[in-house]
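Descriptive analysis of the structure
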Amino acid sequence: MCTDCGCAPPQPEHDHKHDHASRKIRVEENLLAKNQRLAMGNRANFAAYQLFVLNLVSSPGSGKTSILERTLTDLKGKISFSVLEGDQQTDNDAERIAATGVPVKQVNTGAGCHLDAHMVGHGVEDFDLTATDILMIENVGNLVCPASFDLGEDHKVAVLSVTEGEDKPLKYPQMFQAADLMLINKTDLLPYLRFDVEQCKAFARQVNPQLKIIELSCHSGEGVTEWYDWLKAGVASKQRVASST
Amino acid sequence: MGTSTLHELSLTQNLIESAEEHARRENANVITSVTIEIGALSGVMPEAVEFAFEACTKDTLAEGATLEIRRIPALGRCQQCSQECAMESLLDGCSACGSYALDILKGQEMALIELEID
Ligand SMILES: Nc1nc2c(ncn2[C@@H]2O[C@H](COP(=O)(O)OP(=O)(O)OP(=O)(O)O)[C@@H](O)[C@H]2O)c(=O)[nH]1
Ligand SMILES: [Mg+2]
Ligand SMILES: [Zn+2]
Ligand SMILES: [Zn+2]
Ligand SMILES: [Zn+2]
């Protein structure tokens, strides 16, 4: 049931053979163009509801779901959220989110290693977007291809935990270039590790000089206020746009 | 790494769907050759696309088609001094002033360029 995105069944094809000569046709079409078109559709839809939309990306286990759990709990009653959970197999993450009482929808990507704009467009159909301030999208744990797939979000947020190497931004430059905010998570573990936070930030800024960086721990709560302030500013910017039009 | 191969697999499926769509519009019976461009900074590995192409074209109009991949070198422009420079990776700095703030002008694309149909 989907007109824009072309996921309706294809038209039956005529099967008589044509007698054409072999020929060349120019196409010149960017393969990411279809995703891009659907992402623009999502973006227009999100704008109509003044939604602040974030696409959370990281390696597996950096703490995306933990950050969401803490954020949804701490900001309960202040900001209203809806959450899309992208996962290849399980719905564990969606269950963790559901336990916080926030509306959540699981999008199973099956064998796919990334969410695309089409999945997100259908994924939000059941949410009450009028009553939502922030739509959080947790992407599949993978730093490679989610970088190439625009979902219609306002910002990609890259999460990197201090148990990973500080050179992650150099190994996956595409992702850190596509992100506007980097969260350095699990800072409570720093005393036990040899992780050079300043070096990590320098690497990240080498790839993306404009990148905003926040250090936090969703276990100890250190740094979360700065993240919450960033979220509140994002919501406020949407409401300003709405009231000025 | 595994995820990037999967990634090329899904991009290759998009590529073939799109090629078939164009070929049908021209009432073609088969696609005999497919030409694509892959930018050096696209994050797409040409070898993995080649590999996926053979598997994904089975039972499509493009079964048996040859695949030509043109590799597009990357070009950046420095935000500080406007110098245009060739880039090998996203980590490259400006060749003139050393700044890392480069706008990428070319090299991030993966595009379907041309089809030969019958
Ligand atoms: N010490 C510490 N552990 C953390 C922190 N945040 C998350 N963790 C732990 O890291 C592990 C992975 O966290 P998740 O939130 O499931 O990570 P994720 O990024 O959602 O993982 P995937 O969805 O599988 O990619 C869990 O065992 C968490 O308890 C933190 O701030 N400090
Ligand atoms: Mg998770
Ligand atoms: Zn659809
Ligand atoms: Zn992928
Ligand atoms: Zn320069």
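Residues numbered from 1 in each chain as written. Chains lettered and ligands numbered in written order. Predicted model: local features only at pLDDT ≥ 70, side-chain atom pairs only at ≥ 80, totals over all residues. Heavy atoms only, no water.

A word on helix α1 (residues 33–48) of chain A. All names here are of chain A. Between the first and last C-alpha of α1 there are 23 Å, a value that for 16 residues agrees with the 22 Å anticipated at 1.5 Å per step. Taken together, the buried positions of α1 are occupied by Asn-35, Leu-38, Ala-39, Asn-42 and Phe-46. Buried residues along α1 cover an arc of 105° about the axis, so they all sit on one side. Looking at α1, the residues exposed on the side facing more than 90 degrees away from the buried face are Met-40, Ala-47 and Ala-48. Downstream of α1 by one or two residues, Gln-50 has phi in the positive range, about 50°. (Helix = DSSP H or I, 4+ residues; strand = E, 2+ residues; numbered from the N terminus. Expected span 1.5 Å × (residues − 1). Buried < 20%, exposed > 50% of the residue type's maximum accessible area, 1.4 Å probe, protein only. Arc of directions from axis to C-beta.)

Right, let's get into the coordination of the zinc ion (ligand 5). Residues and elements named next belong to chain B. Around the zinc ion (ligand 5), the protein contributes the donor atoms Cys-78 (SG), Cys-81 (SG), Cys-94 (SG) and Cys-97 (SG), at 2.3 to 2.4 Å from the metal centre. Geometry at the zinc ion (ligand 5) is tetrahedral, judged from its 4 donor atoms and the angles of 102 to 118° they form at the metal. Counting residues between consecutive donors of the zinc ion (ligand 5) along the chain gives the motif C-x2-C-x12-C-x2-C. Linking Cys-81 in the loop between β3 (74–78) and β4 (84–87) with Cys-94 in the loop between β4 and β5 (102–106), this pair joins segments that are 13 residues apart in sequence. Classification of Cys-81 as partly exposed rests on a relative accessible area of 36%. (Donors = N, O, S within 2.8 Å, 3.2 Å for Na, K, Ca; no water. Tetrahedral: all angles 85-135°; square planar, octahedral: opposite > 155°, others 65-115°.)

Let us now look at the interface of chain B and chain A. With 34 residues of chain B in contact, the opposing surface of chain A contributes 35 residues. Interface area for chain B against chain A, summed over the two sides, is near 3,300 Å², with a carbon-plus-sulfur share of 55%. One salt bridge connects Glu114(B) with Arg26(A), and the closest N-O pair in it is separated by 3.1 Å. At the level of secondary structure, the elements contributing two or more residues to the side of chain B that touches chain A comprise α1 (2–25) and β6 (110–117) of chain B. A per-element tally of the side of chain B that touches chain A places α1(B) first, with 11 residues. (Contact = heavy atoms within 4.5 Å. Buried area = accessible area lost by both parts, 1.4 Å probe. Salt bridge = Lys/Arg side-chain N within 4 Å of Asp/Glu carboxyl O.)

On to the confidence of the model for chain B. Summing up the model confidence of chain B, the mean pLDDT is 90 and the portion of residues at 70 or higher is 96%. Taken over the whole predicted complex, pTM reads 0.81, whereas the ipTM for its chain interfaces reads 0.79. (pLDDT = per-residue confidence, 0-100.)

On to the site of ligand 1. All names here are of chain A. In the neighbourhood of ligand 1, 19 residues make up the surrounding shell, with Lys-64, Thr-65, Ser-66, Glu-138 and Asp-188 lying closest. Side-chain polar atom of Arg-96 to an oxygen atom of ligand 1: 2.9 Å apart, as the coordinates give it. Cys-218 is positioned such that a nitrogen or oxygen atom in its backbone is 2.9 Å from an oxygen atom of ligand 1. Taking 660 Å² as the accessible area of ligand 1 by itself, protein coverage stands at 73%. At the level of secondary structure, the elements contributing two or more residues to the shell around ligand 1 comprise α2 (64–74) and α3 (92–98). In terms of residues, the shell around ligand 1 owes the most to one element, α2, which gives 3 residues. (Near = heavy atom within 4 Å. Polar contact = N/O pair within 3.5 Å; in protein donor to acceptor, adjacent residues only side chain to side chain. Areas by Shrake-Rupley, 256 points an atom, 1.4 Å probe, with all protein chains shown as cover.)

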